[in-house]
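Remarks on the overall topology
Single-letter residue listing:
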Amino acid sequence: MPELGIARERIVFVSGIGCAARFPYYMQTYGLHSIHGRAPAIATGLSTSRPDLSVWVVTGDGDALSIGGNHLIHVLRRNVNVKILLVNTQIYGLTKGQYSPTSPLGTKNKSTPMGSLDWPFNPVSIALGAEATFVARSIDTDKKHLTEVLRRAANHPGTAFVEIYQNCNVYNDGAFDAVKEQTENQIRLEHGQPVRFGAEGEKGVVLRSDGACELVDVATVGEEALLIHDEHQQEGSLAFALSRISHTPHGPTPIGIFRDVERPVYDQLMAEQLETAKAEGAGELAGLLNSGDTWQITKG
Ligand SMILES: Cc1ncc(C[n+]2csc(CCOP(=O)(O)OP(=O)(O)O)c2C)c(N)n1
Ligand code: SF4
């Protein structure tokens, strides 16, 4: 955070409820440990009323995608100037290990002893579907990658959404090991570069005619056939196709910045509208209430 050049008294972390939501206590900034699932709404109010602040939301997979699912998609589509860190453990940690909306199908624990029946959400796909303007994924233990992604998120005008694969060593240990430990499974997205992965970069990604991504051997298809990553593609279809490669991260999985595009920022639009309203002068409530079709009810 100090490298961003923003004074700490100008930074606010807003969280909901959960282990992830305790994050503000560990920061030497302002913070608000708020209401379960409602951090995006509170952060929206703060960001729009205090444009001088850098407003961040810290949330978990339960907080953001169960109780807070509706708040999340609306802050994303509005493009409010907040930065959202979704700390994904694929489990409810604070309440001692129930399955969450990102737990893989069949997850067995105390809440689902016979295996969960719910198809999991893919947070990056959700954010892209809600038309977020900045969408990225990183890994808790990869300090260099995470720092770079967070720097880009901080500088993005509008909502930046970052999913962080986070190990919960108490209730879901090793959930992301297939990607974290087996680095050959990390498909590192780099703008303008062919999408390739593997220990020697011998594997790659091509875009099929049906719009889906397919994993291939580079030697078989040739480098020129590989998909070139374009994080600025307005439509977001390439980013979405990439997000579908790994529904739950048990094999090759893209990490990095999926999408980074510009769109009007909600805070600015609201400020302009308020200025216009003020320029029109003070309104008159009684006149407004009695305008249009009004009736007086009299005793029959
Ligand atoms: C209104 C309400 N409903 C349910 C709870 C119980 N509860 C507390 S935290 C939590 C889920 C947290 O999961 P997640 O966001 O993944 O956070 P983690 O603890 O894993 O970081 C739930 C259901 C609550 N505190 N308040
Ligand atoms: S290890 Fe799990 S239970 Fe412990 S603080 Fe982290 S998320 Fe919560």
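One can find the structure itself at the top, above this paragraph.
Some remarks on the nonpolar core
Ranked by size, the top nonpolar core spans 37 residues in total, and within it Leu76, Ile84, Phe161, Val205 and Leu242 carry the most contacts. Mapped onto this core, the elements with two or more residues apiece are strand S1 (11–15), helix H1 (39–49), strand S3 (54–60), helix H2 (61–67), helix H3 (69–78), strand S4 (82–88), helix H4 (123–129) and helix H8 (237–243). In this structure Val205 touches Ile187, Val195, Phe197, Cys213, Glu214, Leu215, Val216, Leu226, Leu227, Leu242 and Ile245, once residues within four positions along its chain are discounted. Grouped together as the second largest cluster of nonpolar side chains are 16 residues, Leu85, Ala153, Ala160 and Ile164 included.

Examining the site of ligand 1
Around ligand 1, 16 residues are found, and the nearest of them are Cys19, Ala20, Gly62, Asp63 and Gly93. At 2.7 Å from an oxygen atom of ligand 1 is found a main-chain nitrogen or oxygen belonging to Cys19. Summarising the interface, the protein chains cover 71% of the accessible area of ligand 1, which totals 590 Å² for the free molecule. According to the grid-proximity analysis, the pocket containing ligand 1 is the largest pocket.

A word on the packing of H1 against helix H9 (residues 266–279)
Look at H1 against H9: their axes get within 9 Å of each other, and the N-to-C directions meet at 55°. Relative to H9, the element H1 lies oblique. In the crossing of H1 with H9, the sense of the turn from one axis to the other is right-handed. Contacts between H1 and H9 involve Thr44, Ser47 and Thr48 on the former and, on the latter, Tyr266, Asp267 and Met270.

Concerning the sheet that holds strand S8 (residues 196–197)
In a beta sheet, neighbouring strands are held together by backbone hydrogen bonds and run either parallel or antiparallel to one another. Strand order in the open sheet formed by three strands is S8-S9-S10, with antiparallel pairing between adjacent strands. Each edge of the open sheet is held by one strand with a lone partner, namely S8 and strand S10 (213–217). Looking at chain direction, S8 and strand S9 (residues 203–207) are connected through two bridges and run antiparallel. For Arg196, the partnering residue across the bridge sits in S9 and is Gly204.

Concerning the site of ligand 2
Every residue close to ligand 2 is listed here: Cys19, Cys168, Asn169, Val170 and Tyr171. With respect to the pocket detection grid, ligand 2 is positioned in the largest pocket. Considering only residue class, the shell around ligand 2 consists of four nonpolar, one polar and no charged.

As for unusual backbone geometry
Despite not being glycine, Lys96 has its phi angle at roughly 80°, a positive value. Along the chain, the position of Lys96 falls in the loop between S4 and H4. Despite not being glycine, Glu131 has its phi angle at roughly 65°, a positive value. Looking at the element boundaries, Glu131 is found in the loop between H4 and strand S5 (134–139). Glu131 sits in the partly exposed class, given a relative accessible area of 49%.

A look at the layout of surface pockets
The calculated volume of the largest pocket comes to roughly 980 Å³. Along the wall of the largest pocket there are 42 residues; nearest its centre are Ala20, Phe23, Val58, Val87 and Gln166. Where the lining of the largest pocket is concerned, the elements lending two or more residues are S3, H2, S4 and helix H5 (143–154). With five residues, H2 is the largest single contributor of residues to the lining of the largest pocket. For the lining of the largest pocket, the per-class residue count stands at 25 nonpolar, 12 polar and five charged. Lining the second largest pocket we find 14 residues, and of these His145, Glu148, Val149, Leu189 and Glu190 sit closest to its centre. Elements with a contribution of two residues or more to the lining of the second largest pocket: H5 and strand S11 (253–260).

Here's the deal with the sheet that holds strand S7 (residues 186–188)
Pairing is mixed in the open sheet, where eight strands are placed in the order S2-S1-S3-S4-S6-S5-S11-S7. Edge positions in the open sheet fall to strand S2 (30–33) and S7, since each of these has one partner strand only. Between one strand and the next, the sheet's axes are offset by a mean angle of 20°, whatever the strand orientation. With four bridges connecting them, S1 and S2 associate as parallel partners. Each bridged residue has a counterpart across the sheet, and for Phe13 the counterpart in S2 is Gly31. Contacting S3, S4, S5, strand S6 (160–165), S7 and S11, H5 runs over the sheet at an angle of about 160° to S5.

Procedures and definitions
Residues numbered from 1 in each chain as written. Chains lettered and ligands numbered in written order. Predicted model: local features only at pLDDT ≥ 70, side-chain atom pairs only at ≥ 80, totals over all residues. Heavy atoms only, no water. Core = buried A, V, L, I, M, F, W, Y, C linked by side-chain atoms within 4.5 Å. Buried < 20%, exposed > 50% of the residue type's maximum accessible area, 1.4 Å probe, protein only. Helix = DSSP H or I, 4+ residues; strand = E, 2+ residues; numbered from the N terminus. Contact = heavy atoms within 4.5 Å. Near = heavy atom within 4 Å. Polar contact = N/O pair within 3.5 Å; in protein donor to acceptor, adjacent residues only side chain to side chain. Areas by Shrake-Rupley, 256 points an atom, 1.4 Å probe, with all protein chains shown as cover. 1 Å grid on protein atoms, 1.4 Å probe; cavity = no way out; pocket = protein on both sides within 12 Å on 5 of 7 lines; lining within 4 Å. Sits in = over half its atoms within 2 Å of the grid points. Axes fitted to C-alpha atoms, helices over the stretch in contact; angles between N-to-C directions. Parallel < 35°, antiparallel > 145°, perpendicular 65-115°, else oblique. Left-handed = near helix turned anticlockwise from the far one by under 90°. Pairing = 2+ DSSP bridges. Nonpolar A, V, L, I, M, F, W, Y, C, P; charged D, E, K, R; others polar. Points joined across faces, edges and corners; volume = space filled by probe spheres on them.

Scope: geometric values only; no functional claims are made or implied.
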